[in-house]
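# Coordinates in review
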Amino acid sequence: MRCVLLTTVIVVCPISVYASHPHPTIVLNYAFKPLVNNGKLVMRILLQFQGGPIENADLVVPTTWGDAKDLDKGIANLKNVHEAGHVRISYDLVKDWVVPPSRADHHAILEPEYFEFNTQNGLVHPKFATTTRVEVRFDWRKLLPGWSLATSFGAGDRLQSFRGTWGEVNNALFAGGDFRIYQRDISGRPVIVAIRSNWQFTDEEVAVRILKVISFERAFWRDYNFPYYLVTVSTFGRDDGGSGGGGFTNAFALFLQRGSSFGYGVQSLLAHETFHTWNPYRMGVLPDSSIGMSWFTEGFTTYYQDVLLLRAGLLSFPEYVQHTNENLRKYLLSPARNVTNQEVIERHRVDSASDVIPYSRGATTALWLDSTIRKGTRGKSSLDTLMFDLVRQARRRKPALTAERVFRTAGKYIDAAALQQLREYAELGKTIPVPAAALGPCATLQMNDIPTFELGIDREALISQHTVSGVKAGSAAFEAGLRDGQQVTRTNIYWNDVSKPVQLTVHTEGGSKAVEYYPRGSSLGLIPQYHLSAEASSSPDHCVQ
Ligand SMILES: [Zn+2]
């Protein structure tokens, strides 16, 4: 985020309007007016506030958010007028991309049919500390007739206001246009699902799935303290552009590819982001730079996203085993497996793309810790107990969420030797032993040789020309009979999955021929993987712990 002091058109001395109230609540008034011209949406935004201590404050203009950079290209005709203690800022928020970037959801989305943006990628505002008390009013009365409205602060109502901390406003979501709005309840609290575009699934199916994930997580935490919640389901702009999503104040935004199903990828994203409501946000205050805690905040959340989908019945036990194995492969085969947490922090400063190890390593730490607590307490406690404890500690006061606090709390449920191990896994990156009984009686642990995914033929030629070329001598593809020059009439490939065969139908001189082989290349290493035990098929009801 870049702060700029804008050139003022009229400069007058600030008058002391708040002389008798040394700490007034700051009031900001935003008004929005969408203009559709030549198939483009321009959102004209007017921000007004009364002088006082913020009149001469620096203004923050969106520049970067998440993966999006140069967001100020989307801010046009910015004017800033100070007059007699009254500040009036106007600008046009416009679309800042033509070809959808990989994370278009990090940019303000403005299309003739709809808009979706957040404070950090769309709103110009004075600079505040996140703890500053503010009152913010949003005037949406100029929205086009027939447009719907759904934001962090309500749905439908064209005049919205919020009182609270700037941090909550700074993390707010705003959406409107051709969204179809559905209101549901969880324990008497409204949950709004705002869906636009057409999908392979019905709105009702999506609403049911979303409600199931959110209500299951609230039941898990026994926490229903949510006056209002919004979930938006949309695409990146008008074109296809990948999927993504994230949590906001009282809201969650989901972006899907056209034609995508509401499968594991989407449900795990929703389960993951919903879990962040508690880990870390209801566990206390995170340090300013939170990357050092990501082994816990991201890693433990990654572990629970699958555990909770399994317990909610949205993931079968065999699927759960498969995703757990996938995570173990990611962790144990990563070149960053044993970097220290300090190194994770230092690498993050240079390249945030190196932040993946805390996810898989943290998830493996959680798997180990759950198993260790269950064993040590003879099943009386589990990792759940520790997580609830951390939230309970933050209910009245807001203690800092630090590694020390997590260790101290863990020390109530594990012995000193295990606590020492936990510190070594989290801080020193020591290799975590995968506990054999962690998944219960329905899964056993075995050492498996993990091969690379090797198609054995040229991928590009197969995809673009439907031709076999570049057959690698000695590969499984060669052994199965593939030869350069063959025409491919049918393909069935699970990319990067060595457990499923590649199936091709090729045209040869002798006619059509079905070819099947496992795309396995050289060994990546021997690592532990879970396998379904006999009990998984004889008594599947006992598999979920
Ligand atoms: Zn996360």
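Position labels on residues start from 1 in each chain and follow its written sequence. In keeping with the model being predicted, local features are shown solely for residues with a pLDDT of at least 70 and side-chain atom pairs are shown and tallied solely at 80 or more, while totals for entire chains, interfaces and linings include all residues. Water and hydrogen atoms play no part in the side-chain values, which are based on all heavy atoms of the structure.

## Structural notes on the sheet that holds strand S23 (residues 511-517)
A pair of strands counts as paired when DSSP detects no fewer than two bridges linking them. Starting at the N terminus, helices and strands are each numbered in turn, a helix being any DSSP run of H or I of at least four residues and a strand any DSSP run of E of at least two. In space, the three strands of this open sheet follow the order S21-S22-S23, with antiparallel pairing throughout. Taken across any chain shown, the strands that pair with only one partner, and hence form the sheet edges, are strand S21 (487-492) and S23. Recorded for the sheet is a direction-independent mean angle of 20° between the axes of neighbouring strands. As judged from the five bridges shared by S21 and strand S22 (residues 502-508), these two strands associate in the antiparallel manner. Pairing of Asn492 across the sheet is with Gln503, part of S22. Lines fitted to the C-alpha atoms define the axes, with helices restricted to the stretch that makes contact. Angles between their N-to-C directions range from 0 to 180 degrees.

## A look at the packing of helix H3 (residues 203-221) against helix H4 (residues 264-275)
Relative orientation of the contacting elements H3 and H4 amounts to 35°, with a least axis distance of 10 Å. Taken as a pair, H3 and H4 cross one another with a handedness that is right-handed. When H3 is examined against H4, the residues Arg209, Ile210, Val213, Ile214, Glu217, Phe220 and Trp221 are found in contact with a partner set consisting of Gln267, Leu270, Ala271, Thr274 and Phe275. Crossing chirality is assigned from the near helix's rotation relative to the far helix, an anticlockwise turn below a right angle marking it left-handed and a clockwise turn marking it right-handed. In what follows, residue pairs with any heavy atoms lying within 4.5 Å of each other are defined as contacts.

## What to know about the side chain of Asn279
Its place among the elements puts Asn279 in the loop between H4 and helix H5 (294-297). When its relative accessible area of 0% is taken as the criterion, Asn279 is described as buried. Here Phe296 takes part through its backbone oxygen, which lies 3.3 Å from a polar atom of the side chain of Asn279. Any N or O atom pair separated by 3.5 Å or less is treated as a polar contact, with the protein-specific requirement of one donor-capable and one acceptor-capable atom, and with residues adjacent in sequence counted only for side-chain atom pairs. A polar atom in the side chain of Asn279 sits 3.2 Å from the side chain of Thr301. Those residues in contact with Asn279 that sit more than four places away from it in its chain are Phe296, Thr297, Phe300, Thr301 and Met387. Exposure categories follow from relative accessible area, calculated using a 1.4 Å probe and restricted to protein chains: below 20% of the type maximum is buried, above 50% is exposed, and the middle band is partly exposed.

## Description of helix H9 (residues 357-376)
One fewer than the residue count of a helix, multiplied by 1.5 Å, yields its expected span. In a regular helix each residue adds 1.5 Å, so 20 residues correspond to 28 Å; H9 covers 28 Å between its end C-alpha atoms and thus fits that length. Once H9 finishes, Arg378 follows within two positions and takes phi at roughly 50°, a positive value.

## Describing the environment of Leu386
As for its position among the elements, Leu386 is in helix H10 (residues 383-393). Between the alpha carbons of Leu386 and Asp185 there is a distance of 29 Å; along the sequence they are 201 residues apart. Look past the residues within four positions of Leu386 in its chain and what remains in contact with it is Leu369, Ile373, Val406, Thr409, Ala410 and Tyr413.

## Here's the deal with unusual backbone geometry
The omega torsion of the bond from Asn279 to Pro280 falls at 15°, within 30 degrees of zero and hence cis. Summarising the element assignment, Pro280 is placed in the loop between H4 and H5. In this structure, Ser187 is a non-glycine residue whose phi angle is positive, near 50°. Judged by its relative accessible area of 54%, Ser187 is exposed. The phi torsion at Ser197 lies on the positive side, around 70°, for a residue other than glycine. Following the sequence through the fold, Ser197 ends up in the loop between strand S16 (189-195) and H3. Under the relative-accessibility criterion, Ser197 is labelled buried at 11%.

## Points about the sheet that holds strand S3 (residues 40-50)
Reading across the sheet, the six strands line up as S5-S6-S3-S2-S10-S13 and stay open at both edges, with mixed pairing between neighbours. Each having just a single partner strand, strand S5 (75-83) and strand S13 (159-165) make up the two edges of the open sheet. Taking each pair of neighbouring strands and ignoring which way they run, the sheet shows an average axis angle of 15°. Across six bridges, strand S2 (residues 26-37) lies against strand S10 (residues 133-139) in parallel orientation. Bridged to Asn29 within S10 is Arg137.

## A short note on the pattern of salt bridges
Salt bridges are counted wherever a side-chain nitrogen of Lys or Arg sits within 4 Å of a carboxyl oxygen of Asp or Glu. Evaluated as defined, the whole model comprises 20 salt bridges. In this structure, Lys430 engages Glu424 in a salt bridge whose closest nitrogen and oxygen atoms are separated by 3.1 Å. A relative accessible area of 18% places Glu424 in the buried class.

## Points about the confidence of the model for the protein chain
As a general rule, the predicted coordinates of low-pLDDT regions are not to be interpreted in detail. The predictor reports its confidence for every residue as pLDDT, a score running from 0 up to 100. For the protein chain, per-residue confidence averages 89 on the pLDDT scale, and 92% of positions sit at 70 or higher. Every residue in residues 1-22 scores below 50 in pLDDT, and together they form 46 contacts with partners more than four places removed in sequence or on other chains.

## Brief notes about the packing of aromatic side chains
To describe a pair of aromatic rings, you give the distance between the ring centres and the angle between the ring planes. Stacked, tilted and edge-to-face pairs are distinguished by plane angle, under 30 degrees for stacked and over 60 for edge-to-face with tilted covering the rest, among Phe, Tyr and Trp rings (Trp via its six-membered ring) whose centres lie within 6.5 Å. Per the counting criterion, the structure on display carries 37 aromatic pairs. Between Phe275 and Tyr304 the ring centres are 4.9 Å apart and the planes differ by 15°, which places this aromatic pair in the stacked class. Within this pair, whereas Phe275 is found in helix H4, its partner Tyr304 is found in helix H6 (residues 299-311), the two being separated by 29 residues in sequence. You can call Phe275 buried: its relative accessible area is 0%. Aromatic pair Phe453 and Trp495: ring centres 6.1 Å apart, planes at 50°, arrangement tilted. Separated by 42 residues along the polypeptide, Phe453 in strand S20 (residues 443-453) and Trp495 in the loop between S21 and S22 bring together distant segments of the chain. On the accessibility criterion, Trp495 (32% relative accessible area) is partly exposed. Through a chain of ring-to-ring contacts, three or more aromatic side chains come together here, namely Tyr30, Phe32, Phe115, Phe117, Phe138, Trp140, Trp147, Phe153, Phe162 and Phe174.

## A few points about the pairing of S3
Note: S2 against S3, ten bridges, orientation antiparallel. Paired with Ala31 across the two strands is Leu46, which belongs to S3. The turn joining S2 and S3, which pair antiparallel and follow one another in sequence, is formed by two residues; a positive phi near 50° is taken by Asn38. Two elements, S3 and strand S6 (residues 86-93), share eight bridges in a ladder whose sense is antiparallel. Counted as the bridge partner of Ile45 is Tyr91 from S6.

## Observations regarding the coordination of the zinc ion
Protein-derived coordination of the zinc ion comes from His272 (NE2), His276 (NE2) and Glu298 (OE), at a distance range of 2.0 to 2.1 Å. Each donor residue of the zinc ion lies on the same chain, and together they follow the pattern H-x3-H-x21-E. We note that His272, like His276, is buried. The rule for donors is simple: an N, O or S atom within 2.8 Å of the metal counts, and for Na, K and Ca the reach is 3.2 Å. Water is not among the atoms, so a site may look short of donors.

## Looking at the layout of surface pockets
Site definitions follow a grid-based scheme: protein atoms alone, a 1 Å grid, a 1.4 Å probe that fits but cannot get out for cavities, and for pockets an open set with protein on both sides within 12 Å along at least five of seven lines, plus lining residues having an atom within 4 Å of a point. Grid points are joined across faces, edges and corners, and a volume is the space filled by probe spheres set on the points. In this structure, the second largest pocket encloses a volume near 740 Å³. Listed by contribution, the elements that provide at least two residues to the lining of the second largest pocket are helix H7 (317-332), S20 and strand S24 (520-532). For the lining of the second largest pocket, the element with the highest residue contribution is H7, accounting for seven residues. Taken together, the residues of the lining of the second largest pocket sort by class into ten nonpolar, eight polar and seven charged. Domain borders in the structure are assigned automatically or taken from a domain database. Of the domains in this structure, domain 2 (291-438) and domain 3 (455-518) are the two that each give at least three residues to the lining of the second largest pocket. Classification convention: Asp, Glu, Lys, Arg as charged; Ala, Val, Leu, Ile, Met, Phe, Trp, Tyr, Cys, Pro as nonpolar; all other residues, Gly among them, as polar.

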